[in-house]
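Chain and residue survey
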Amino acid sequence: MQNGEEMSPLAQDSNKTHGGVEPSAPPLPPSDPPPSGPPEYPRPRLVFHTQLAHGSPTGRIHGFTNVKELYAKIAEVFHISPSEILFCTLNSHKVDMQKLLGGQIGLEDFIFAHVRGETKEVEVTKTEDALGLTITDNGAGYAFIKRIKEESTIDQLKTVCVGDHIEAINDQSIVGCRHYEVAKMLKEQPRGTPFTLRLVGPKKAFDMIGMRTRAPKSSEGKMVNGKETLRLRSKGSATVQEVPNEFEERATKKVDDLLESYMGIRDLDLATTIVEAGKDKMNPDDFAEAMDSVLGDFAFPDVFLFDVWGAIGDVKDDRM
């Protein structure tokens, strides 16, 4: 290179590279710290066994997150319409309201689906303000009778049974109505004026013994500790959680009793949701705000919320 000539920038860079100065890569972003505790493994797919309550082969279902999806899965297995299913019971093919499927399924529970049977119409005349019915619903649009009070108006009508789906009142379809809406309609029927109920009973088997096979455990191929349930939710995904503790069980029962007393309904899933909303609250105002956020559509009266708050507090303090 002659005197007075300048080195081009490219030549300068080349000279630096070959002159022993290595180009450096940009620094790497800091890595996340290694996870603490044992590694998490994906939970095995939850598979449940099911039969039609009046008798059928055993089917296997999985992949549902709420009651409507559960009914759709059962219907798919047995090649029926989901609208045929009135309700489900757990671990019993009988119309046993103590075994009624609500918002939780034990991971080893066997599911029996009760489907539509005989349709019947009954004329009812109220002789007192209360008919003596407790209403619940299946979470998919069907309200049905959960309890009949002895010596009540309905108790005198022997064709009306626990487990009957209330399909219509005075030929007005109530399919799709929630239990509290149906209870309100029945309460508003005037005394002394006859009205008609169209009911659909669950299908009955002619020979349950010959048709039913031994129920296998639903936990085959799963890693469970026997203390977990699948919680079905109307909004969001189903979750696996621990079975309710003694406080939650007692508080839920008290709230369910209050639902029947105030609204004429029984709904363990609703009662569980109410307890979950209230168990960590420190005062009734916070509880009322939580209830309005979670269950505002129900428009619970203040006196009901006050009694529920008191019942949860009594169970906490072991006064009940």
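Since this is a predicted model, take the numbers as computed values, not measurements. (Residues numbered from 1 in each chain as written. Predicted model: local features only at pLDDT ≥ 70, side-chain atom pairs only at ≥ 80, totals over all residues. Heavy atoms only, no water.)

1. Digging into the pairing of strand 10 (residues 195–202)
Let me state the cut-off plainly: Throughout this description, buried means an accessible area under 20% of the type-specific maximum (1.4 Å probe, protein chains only), exposed means over 50%, and partly exposed covers the range between. Helix numbering and strand numbering both begin at the N terminus, where a helix is a DSSP run of H or I of at least 4 residues and a strand a DSSP run of E of at least 2. If DSSP finds at least two bridges between two strands, the strands pair.
Burial of strand 10 is extensive: six of the eight residues sit out of reach of the surface. Taken together, the seven bridges between strand 5 (residues 111–124) and strand 10 define a ladder with antiparallel strand orientation. Residue pairing for strand 10: Arg116 is matched across the bridge by Pro202. Bridge analysis of strand 8 (residues 165–169) against strand 10 gives four bridges, and the strand direction is antiparallel. Note on strand 10: the bridge partner recorded for Ala168 is Arg198.

2. Things to note about the packing of helix 5 (residues 246–263) against helix 8 (residues 302–316)
Convention followed: Between N-to-C directions, angles cover 0 to 180 degrees, with each direction set by a line fitted to C-alpha atoms, over the stretch in contact for helices. Every angle not falling under 35 degrees, over 145, or within 65 to 115 is termed oblique; those three ranges are roughly parallel, roughly antiparallel and roughly perpendicular. Handedness of a crossing is defined here by the sense of rotation of the near helix relative to the far one, left-handed for an anticlockwise turn of less than a right angle and right-handed for a clockwise turn. Should any heavy atoms of two residues lie within 4.5 Å, those residues are counted as being in contact. For this classification, the nonpolar set comprises Ala, Val, Leu, Ile, Met, Phe, Trp, Tyr, Cys and Pro, the charged set comprises Asp, Glu, Lys and Arg, and every other residue, Gly included, is treated as polar.
Where helix 5 meets helix 8, the closest approach of the two axes is 9 Å, and the angle between their N-to-C directions is 155 degrees. Comparing their axes, helix 8 and helix 5 come out roughly antiparallel. Between helix 5 and helix 8 the crossing geometry is right-handed. Between helix 5 and helix 8, the residues in contact are Phe247, Arg250, Ala251, Lys254, Val255, Leu258, Leu259 and Tyr262 and Val303, Phe304, Asp307, Val308, Ala311, Ile312, Val315 and Lys316, respectively. Its residues assigned to classes, the contact of helix 5 with helix 8 comprises 12 nonpolar, no polar and four charged.

3. A closer look at helix 7 (residues 284–295)
Since there are 3.6 residues in each turn of an α-helix, residues three or four apart along the chain are aligned in direction. Let me state the cut-off plainly: To estimate how far a helix should reach, multiply one less than its number of residues by 1.5 Å. Polar contacts, as used here, are pairs of N or O atoms within 3.5 Å; protein pairs need one atom able to donate a hydrogen and one able to accept it. Residues neighboring in sequence count only if both atoms are side-chain atoms.
The end-to-end C-alpha distance of helix 7, which contains 12 residues, comes to 15 Å, matching closely the 16 Å that a straight helix rising 1.5 Å per residue would cover. Contact partners of the buried residues in helix 7: helix 6 (268–278) and helix 8. If you check the start of helix 7, you find a side-chain oxygen 3.1 Å away from the backbone N of Asp285, and it comes from Asn283.

4. Topic: the environment of Asp269
Residue position: Asp269 is located in helix 6. Put simply, Asp269 and Asp256 are 13 residues apart on the chain and 9.1 Å apart in space, counted from C-alpha to C-alpha.

5. Describing the nonpolar core
For clarity, the threshold we go by: Working definition of a nonpolar core: buried Ala, Val, Leu, Ile, Met, Phe, Trp, Tyr and Cys residues. They are joined through side-chain atoms within 4.5 Å.
Residues Ile166, Leu186, Leu259, Ile274 and Phe300 are the most contacted members of the largest nonpolar core, which totals 46 residues. Here this core gets seven residues from one element, more than from any other, and that element is helix 8. In contact with Leu259, other than residues within four places in its own chain, are Gly264, Ile265, Asp267, Leu270, Ala271, Ile274, Phe300 and Phe304. Core analysis: the next-biggest nonpolar cluster, separate from the first, contains 25 residues, Tyr71, Phe78, Cys88 and Ile111 among them.

6. Observations regarding the pairing of strand 3 (residues 85–90)
Of all six residues that make up strand 3, six are buried, and the element is covered over most of its length. One ladder, built from five bridges, connects strand 3 with strand 5; its direction is antiparallel. Its bridge partner being in strand 5, Cys88 is matched across the sheet by Ala113.

7. A word on unusual backbone geometry
In this structure, Asn170 is a non-glycine residue whose phi angle is positive, near 50 degrees. If you trace the backbone, Asn170 turns up in the loop between strand 8 and strand 9 (172–173). The residue Asp171 is not glycine, and still its phi comes out positive at about 65 degrees. Relative to the helices and strands, Asp171 is located in the loop between strand 8 and strand 9.

8. Comments concerning the environment of Ile135
Within the secondary structure, Ile135 sits in strand 6 (residues 133–137). Judged by relative accessible area, which is 1%, Ile135 ranks as buried. Between the alpha carbons of Ile135 and Arg178 there is a distance of 9.5 Å; along the sequence they are 43 residues apart. For Ile135, the residues in contact, after removing those within four places along its chain, are Ala143, Phe144, Ile166, His179, Val182, Ala183, Leu186, Gly264, Ile265 and Arg266.

9. Comments concerning a negative patch on the surface
Spelled out, the test is: Patch membership needs two things, relative accessible area over 30% and no salt bridge, and members are linked within 9 Å if like-charged or within 5 Å if nonpolar (Val, Leu, Ile, Met, Phe, Trp, Tyr). Shrake-Rupley sampling with a 1.4 Å probe provides the accessible areas, and residues are treated as covered by the protein chains on show and by no other component. Any Lys or Arg side-chain nitrogen located within 4 Å of an Asp or Glu carboxyl oxygen qualifies as a salt bridge. Only four residue types enter the tally: Lys and Arg on the positive side, Asp and Glu on the negative side, with His and both chain ends excluded. Each charge is placed at NZ for Lys, CZ for Arg, CG for Asp and CD for Glu.
A cluster of acidic residues, Asp285, Asp286, Glu289 and Asp292, forms a negative patch on the protein surface. Of the residues examined, Asp285 reaches a relative accessible area of 61% and is grouped as exposed.

10. Side note on the packing of aromatic side chains
Where two aromatic rings form a pair, the distance of their centres and the angle of their planes describe that pair. What counts is decided by this rule: A pair of aromatic rings is counted whenever rings of Phe, Tyr or Trp (Trp by its six-membered ring) have centres within 6.5 Å, and the orientation is called stacked for planes under 30 degrees apart, edge-to-face for over 60 and tilted otherwise.
The final tally for this structure, using the stated rule, is six aromatic pairs. Relative to Phe112, the ring of Phe110 lies with its centre 4.8 Å away and its plane at 40 degrees, an arrangement referred to as tilted. Judged by its relative accessible area of 6%, Phe112 is buried.

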